[in-house]
Structure formats: structure tokens, C-alpha cells
Amino acid sequence: MAMWRYLAAAIGAALLVAAGYSVMTGRAVSRSPLPSAPGAARAQIADLPNEAPEASAQTREQRRFGRYDKDKNGAITRAEYLAARQKAYARLDINQDGHLSFDEWAVKATTKFADADANKDGAMTPAEFATTAVVRKPKPKCACPAPAPTTDDDN
């Protein structure tokens, strides 16, 4: 009596395989919802790269170098190199005594914790902790040139 269940399952599986095969063989014709591009625009589209260009390591390093080279003479002096560190140190040295204590060093983290602990219970919930994440600027996706305007003559 229970054999009919196995037979029905085998027939159902065979039908599913047959349906999947017919779909995969391409009986359905896909059509693009977009109209084709005019002749000149089609040539411009073909010349575009498939992926957005990324800054090379050399380009990033050149920008970093430029931030340190304040007088833009192509060389970074010791004073220029240390200037950024001195500014950061001065911001942390709250009492300006030239010595950085642990409390002065940890003030930013302590302040960030206090701001995130909304209910002031001395512990962060997952939702409170999520507010401490660093917010980064989104990188531009593509610096591609805008397509040239088309005229009715292109059709």
C-alpha cells in the first residue's frame, strides 16, 4: 500500500526535471526592456570599460605625499612630517603640559562610550554599540564621461 507514495514521488520528480530541462534549453525568448542605442551612442558604449577605474597604489601614495608636502616643493622635511603628529598630540594633551597621560589619551574613547551609552547604565547594548561605528564617505562609483547628446539624425 505504501508503494504508491514512492511511485507518485518518482513521477513528480521526473516531471520537475522535464520542466527544468525545457526552461534551460531556451524555449523562453528574453527581450531587453530598453530600446537599442542610436549608432553614435552604440559606438561610445562599446568603448567604455566594463568596470569603474580604481585609483592605483601610486596615485593614493601621491595624494598622501601631497598632504604632507605643505610647501609643495617635492620633498617632505622633518618638520612637515612631524607637523601632523604634533597637531594630533596637541589635541590629545588636554592640559598642554607636554606629557600625555593615559586619561588624556583615552578621552576620545571615553567620550565616545559615554555618548553611545544612551541609558547611562555603564554598558552598551548592541544597538548602542552600533552608533560607535566609524562613518566613512562613500567612494564614487564611476568617473565616466557623460554620454554625448543624440539628435534625431542618428536614427
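For clarity, every value in this text was computed on a predicted model and none was experimentally measured.

## Quick notes on the packing of aromatic side chains
The full count for this structure, using the stated rule, is two aromatic pairs. Here tyrosine 68 and tyrosine 81 contribute two aromatic rings whose centre-to-centre distance is 5.5 Å and whose plane-to-plane angle is 25°, an arrangement assigned as stacked. One end of the pair, tyrosine 68, is in helix H3 (residues 57-68); the other, tyrosine 81, is in helix H4 (residues 78-92), with 13 residues separating them in the sequence. Looking at tyrosine 68, the relative accessible area reads 18%, which means it is buried. The exposure class assigned to tyrosine 81 is partly exposed, which follows from its relative accessible area of 46%. Note on phenylalanine 102 and tryptophan 105: the rings are 5.6 Å apart at their centroids and 40° apart in plane angle, and the pair reads as tilted. With phenylalanine 102 and tryptophan 105 both in helix H5 (residues 102-116) and three residues apart, this pair spans about one turn of that helix. The pair formed by phenylalanine 102 and tryptophan 105 is uniform in burial state, with each residue classed as exposed.

## Considerations on a positive patch on the surface
Where like charges cluster on the molecular surface, the positive patch consists of Lys70, Lys72, Arg85, Lys87, Arg91, Lys108 and Lys112. Residue assignment for the positive patch shows that the elements contributing at least two residues are H4 and H5. Looking at which element gives the most residues to the positive patch, the answer is H4, with three residues. Mapped onto the fold, lysine 70 is located in the loop between H3 and H4. For lysine 70, a relative accessible area of 58% corresponds to the exposed category.

## As for H4
For H4, which comprises 15 residues, the first-to-last C-alpha distance of 21 Å matches the rise-based estimate of 21 Å (1.5 Å per residue) to within 8%. For H4, the principal kink sits at alanine 84 and spans about 30°.

## Remarks on unusual backbone geometry
Despite not being glycine, glutamine 96 has its phi angle at roughly 55°, a positive value. Here lysine 120, not a glycine, exhibits a phi torsion of approximately 55°, which is positive. Looking at the secondary structure, you find lysine 120 in the loop between H5 and helix H6 (126-130).

## A closer look at the side chain of glutamate 128
Structurally, glutamate 128 can be placed in helix H6. Of the side chains with opposite charge, lysine 120 lies nearest to the buried glutamate 128, which makes no salt bridge, at 7.8 Å. Discounting residues that sit within four places of it in the chain, glutamate 128 has contacts with Ala116, Asp117, Ala118, Asn119 and Ala123.

## Focus: H5
Between its first and last C-alpha, H5 extends 21 Å over 15 residues, near the 21 Å set by a 1.5 Å rise per residue. In H5, a bend of some 40° at lysine 108 exceeds every other bend along the element. Restricting attention to buried positions, one finds in H5 the residues Glu104, Ala106 and Ala116. Looking at the buried residues of H5, the elements they touch are H4 and H6.

The rules behind each value
Residues numbered from 1 in each chain as written. Predicted model: local features only at pLDDT ≥ 70, side-chain atom pairs only at ≥ 80, totals over all residues. Heavy atoms only, no water. Phe/Tyr/Trp six-rings, centres within 6.5 Å; stacked < 30°, edge-to-face > 60°. Helix = DSSP H or I, 4+ residues; strand = E, 2+ residues; numbered from the N terminus. Buried < 20%, exposed > 50% of the residue type's maximum accessible area, 1.4 Å probe, protein only. Patch = residues over 30% accessible without salt bridge, like charges linked within 9 Å, V, L, I, M, F, W, Y side chains within 5 Å. Areas by Shrake-Rupley, 256 points an atom, 1.4 Å probe, with all protein chains shown as cover. Salt bridge = Lys/Arg side-chain N within 4 Å of Asp/Glu carboxyl O. Lys, Arg positive; Asp, Glu negative; His and termini not counted. Charge placed at Lys NZ, Arg CZ, Asp CG, Glu CD. Expected span 1.5 Å × (residues − 1). Bend = angle between axes of the 7 residues up to and from the residue. Contact = heavy atoms within 4.5 Å.

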